[in-house]
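One-letter residues, chain by chain:
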Amino acid sequence: MSGAERHVLILGGTTEARHLAAGLAADPALRVTSSLAGRVARPRLPAGEVRIGGFGGPEGLARWLREQQVDALIDATHPFAGTISFNAARAAAAAHVPLLAVRRPGWVAGPGDDWHPVGSLAEAADALPALGERVFLTTGRMGLAAFAHLEDMWFLTRSVDAPEPPVPPRMEVLLDRGPFTVEGERDLLRDHRIDVLVTKDSGAAATSAKLAAAREAGIPVVVVRRPPAPDGVPVVPGPEEAVAWLKSL
Ligand SMILES: NC(=O)c1ccc[n+]([C@@H]2O[C@H](COP(=O)([O-])OP(=O)(O)OC[C@H]3O[C@@H](n4cnc5c(N)ncnc54)[C@H](OP(=O)(O)O)[C@@H]3O)[C@@H](O)[C@H]2O)c1
């Protein structure tokens, strides 16, 4: 690294993080490293340098920031990745590195939507029996244990990698990753006779088509609200604003 380079660490695992890395990696004045947790077997790799695996808590991340002489930290992780965002806040404070969070806005219900907001996957499971019998579960492969006791309900789950037990006994798995189209989602709901959808409020454009398809079909949607994010960390909605923040430092 030349003396003029500034080192930016992006905590990634999202489309936004990949777009941000692509935008920044073209700048010769920057050294860009993206960090992935390693949850996905074959991740889409961002531009620039990539490191994979946990840091070992906030202390490990703070050590990495110091050792790798990171000048700016951008937390562009998924809104439901609650732990790493708090770790980033603590590590950035300890290592005196400026921190920004990139958080896409959440989805907003519109006319015709029948949404049922809940606080957790466990609450989503509690809400299901009153809403339907055939569930399209799009909350990812982690956390399916929360639904494992619903033995009378049928589930279609969709995730990038296969889920591991415990899972609901009556379940079909669809291995796929977005972006998805309204047409495709419409077919999926019809072909599997889905009568209730479960989603996290990820806010992602790539996965919002299911909401439009559910609205069209008059299907209720259980929406898991986002976990809390750390206080005091500046937040921007997307990669463009993150680039502007970096320039302002
Ligand atoms: N949760 C979701 O619904 C979801 C959806 C799509 C993508 N993702 C992506 O998948 C990753 C893991 O999500 P999660 O919900 O398991 O996170 P989490 O609960 O917030 O983090 C758990 C631990 O995983 C490690 N970790 C998480 N993100 C990391 C990253 N970008 N680089 C290095 N280590 C990371 C950290 O380990 P150490 O403490 O050892 O550092 C962290 O303490 C995130 O990067 C996120 O952007 C999550």
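Keep in mind that what you see is a predicted model, and the values were worked out from it rather than measured.

### Topic: the site of the ligand
Phase 1 of the analysis: In the vicinity of the ligand, 22 residues are found, and the nearest of them are Gly12, Ser35, Arg39, Phe55 and Lys200.
Phase 2 of the analysis: Here an oxygen atom of the ligand sits 3.4 Å away from a polar atom, N or O, in the main chain of Gly82.
Phase 3 of the analysis: Among the secondary structure elements, those contributing two or more residues to the shell around the ligand are β2 (30-36) and α3 (82-95).
Phase 4 of the analysis: The leading source of residues in the shell around the ligand is α3, at four residues.

### A word on α3
Phase 1 of the analysis: Over its 14 residues, α3 runs 20 Å from end to end, which matches the ideal 20 Å to within 8%, given 1.5 Å per residue.
Phase 2 of the analysis: For α3, the secondary structure elements touched by its buried residues are β1 (6-11), α2 (57-67), β4 (72-75) and β5 (99-102).
Phase 3 of the analysis: Of the residues trailing α3, His96 is marked for its positive phi of about 55°.

### Considerations on the sheet that holds β4
Phase 1 of the analysis: A sheet is described by the order of its strands in space; here six strands give the open sequence β3-β2-β1-β4-β5-β12, paired in parallel fashion. A single partner strand is all that each edge strand has here, and the edge strands are β3 (49-52) and β12 (235-236).
Phase 2 of the analysis: In the packing of α2 onto the sheet, contacts are made with β1, β2, β3 and β4, and the angle to β1 comes to roughly 155°.

### Remarks on the pattern of salt bridges
Phase 1 of the analysis: This model, assessed by the stated rule, comprises 11 salt bridges.
Phase 2 of the analysis: The partner of Glu164 in a salt bridge is Arg141, and the shortest N-O contact between them spans 3.7 Å. Separated by 23 residues along the polypeptide, Glu164 in the loop between β8 (154-159) and β9 (171-175) and Arg141 in the loop between β7 (134-137) and β8 bring together distant segments of the chain.
Phase 3 of the analysis: Accessibility expressed as a relative area gives 54% for Glu164, which makes it exposed.
Phase 4 of the analysis: Where Arg158 meets Glu185, a salt bridge forms, and the shortest distance between an N and an O atom there is 2.8 Å. With a gap of 27 residues between them, Arg158 in strand β8 and Glu185 in helix α5 (residues 182-191) connect regions that are remote in the sequence.

### Looking at the side chain of His192
Phase 1 of the analysis: Mapping His192 onto the fold places it in the loop between α5 and β10 (196-200).
Phase 2 of the analysis: A polar contact is formed between the side chain of His192 and the backbone oxygen of Leu188, at a distance of 3.1 Å.
Phase 3 of the analysis: Once residues lying within four places of it in the same chain are set aside, the contact partners of His192 are Arg134, Trp154, Leu156 and Glu172.

### A word on the packing of aromatic side chains
Phase 1 of the analysis: With the rule as written, the count across this model stands at two aromatic pairs.
Phase 2 of the analysis: Pairing Phe55 with Trp64 gives two aromatic rings, centres 5.8 Å apart and planes at 75°, and the pair type is edge-to-face.
Phase 3 of the analysis: Here the basic side chain of Arg51 rests over the ring of Phe55, its NZ or CZ set 3.8 Å away from the ring centre.
Phase 4 of the analysis: Its end group placed over the ring of Trp154, Arg134 keeps NZ or CZ at 4.1 Å from the ring centre.

### A look at the domain arrangement of the protein
Phase 1 of the analysis: Domain annotation of the protein identifies domain 1 (6-104 + 228-248) and domain 2 (115-224).
Phase 2 of the analysis: Centre-to-centre separation of domain 1 and domain 2, based on C-alpha positions: 29 Å.
Phase 3 of the analysis: Both sides of the domain 1 and domain 2 interface together cover about 830 Å² of buried area, and 53% of this is carbon and sulfur.
Phase 4 of the analysis: Considering only the side of domain 1, the residues that lose the most area to domain 2 are Arg44, Phe80 and Arg104, jointly responsible for 55% of the buried surface there.
Phase 5 of the analysis: Inspection of the domain 1/domain 2 interface yields zero salt bridges.
Phase 6 of the analysis: Put simply, domain 1 and domain 2 have five residue pairs in polar contact (both at pLDDT 80 or more) between them.
Phase 7 of the analysis: Residue composition of the side of domain 1 that touches domain 2, grouped by class: five nonpolar, one polar and four charged.

Basis of the calculations
- Residues numbered from 1 in each chain as written.
- Predicted model: local features only at pLDDT ≥ 70, side-chain atom pairs only at ≥ 80, totals over all residues.
- Heavy atoms only, no water.
- Near = heavy atom within 4 Å.
- Polar contact = N/O pair within 3.5 Å; in protein donor to acceptor, adjacent residues only side chain to side chain.
- Helix = DSSP H or I, 4+ residues; strand = E, 2+ residues; numbered from the N terminus.
- Expected span 1.5 Å × (residues − 1).
- Contact = heavy atoms within 4.5 Å.
- Pairing = 2+ DSSP bridges.
- Axes fitted to C-alpha atoms, helices over the stretch in contact; angles between N-to-C directions.
- Salt bridge = Lys/Arg side-chain N within 4 Å of Asp/Glu carboxyl O.
- Buried < 20%, exposed > 50% of the residue type's maximum accessible area, 1.4 Å probe, protein only.
- Phe/Tyr/Trp six-rings, centres within 6.5 Å; stacked < 30°, edge-to-face > 60°.
- Lys NZ or Arg CZ within 6 Å of the ring centre and 35° of its normal.
- Domains from an automatic or database assignment.
- Buried area = accessible area lost by both parts, 1.4 Å probe.
- Nonpolar A, V, L, I, M, F, W, Y, C, P; charged D, E, K, R; others polar.

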